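# Examination of the molecular architecture
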Amino acid sequence: MSRKYLIEFVIFLTYALFAMSWVAGSMMTKDIMSFYDVEGMATATWMTSAITIAKIVSNLLAASVLVKLGPKKHLHSRLC
């Protein structure tokens with residue numbers, strides 16, 4: 001598999017998984033609240049904020065993988 005397809009695949013997976021986790025988190029908020037026996041929306045907000053932070057951290061990790069793959073070098077060689 002060439003490097004450009006690998007980079008494209010990682011970017012696609014990052015966006016797709018982020019979107020799926022966002023939708024799933026929204027749909028399952030009530031279930032999560034009942035599972036953890038959370039009564040108020042304030043606590044639920046803290047929980048969803050923690051999940052959002054985890055999503056951001058995972059995207060930053062995916063970005064670091066992409067930087068190590070060197071998309072800038074590859075893109076520059078295709079443009080020149």
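Preceding this paragraph is the structure being described.
The sections below set out a description of the structure shown in this document. (Residues numbered from 1 in each chain as written. Predicted model: local features only at pLDDT ≥ 70, side-chain atom pairs only at ≥ 80, totals over all residues. Heavy atoms only, no water.)

### Describing the overall build of the protein chain
Going by this rule: Every helix listed is a DSSP run of H or I at least four residues long, and every strand listed is a run of E at least two residues long, numbered separately from the N terminus. Partly exposed describes any residue whose relative accessible area lies between the buried limit of under 20% and the exposed limit of over 50%, with all areas from a 1.4 Å probe on protein chains only and scaled to the type maximum. Each accessible area value is a Shrake-Rupley result obtained with a 1.4 Å probe; residue values ignore everything except the protein chains displayed when judging cover.
The helix and strand inventory of the protein chain stands at four helices and zero strands. When the helices and strands of the protein chain are placed in sequence order, the string is α-α-α-α. With 80 residues in all, the protein chain has 14% of them scored as buried. For the protein chain, the accessible surface area stands at approximately 6,600 Å², while carbon and sulfur atoms represent 72% of it.

### Quick notes on the packing of aromatic side chains
Our working definition: Between 30 and 60 degrees the pair is tilted, below 30 it is stacked and above 60 it is edge-to-face, where a pair is any two Phe, Tyr or Trp rings, Trp via its six-membered ring, whose centres lie within 6.5 Å.
Summed over all chains, the structure comprises one aromatic pair. Ring geometry for Phe35 against Tyr36: centres 5.0 Å apart, planes inclined by 90°, an arrangement best described as edge-to-face. For Phe35, a relative accessible area of 65% gives the class exposed.

### Observations concerning unusual backbone geometry
One non-glycine residue with positive phi stands out, namely Asp37, at about 55°. Among the structural elements, Asp37 can be located in the loop between α2 (29-35) and α3 (41-69).

### Quick word on the side chain of Thr14
Counted only if it meets this: In what follows, a contact means two residues having at least one pair of non-hydrogen atoms within 4.5 Å.
Looking at the secondary structure, you find Thr14 in helix α1 (residues 3-27). Non-local contacts of Thr14, meaning those with residues more than four positions away in its chain, are made with Asn59 and Ala62.

### Considering the packing of α1 against α3
Inclusion rule: Here an axis means a line fitted to C-alpha atoms, over the contact stretch when the element is a helix, while the angle between two N-to-C directions is reported on a 0 to 180 degree scale. An angle counts as roughly parallel when it lies under 35 degrees, as roughly antiparallel when it exceeds 145, as roughly perpendicular when it falls between 65 and 115, and as oblique in every other case. For this scheme, ten residues count as nonpolar: Ala, Val, Leu, Ile, Met, Phe, Trp, Tyr, Cys and Pro. Four count as charged, namely Asp, Glu, Lys and Arg, and the remainder, Gly too, count as polar.
Remark: α1 packs on α3, axes separated minimally by 10 Å, with the N-to-C direction vectors making an angle of 175°. Comparing their axes, α3 and α1 come out roughly antiparallel. Here Arg3, Leu6, Ile7, Val10, Ile11, Thr14, Phe18, Ser21 and Trp22 of α1 lie close against α3, whose contacting residues are Thr52, Lys55, Asn59, Ala62, Leu66 and Leu69. Looking at the contact of α1 with α3 residue by residue, the class counts come to nine nonpolar, four polar and two charged.

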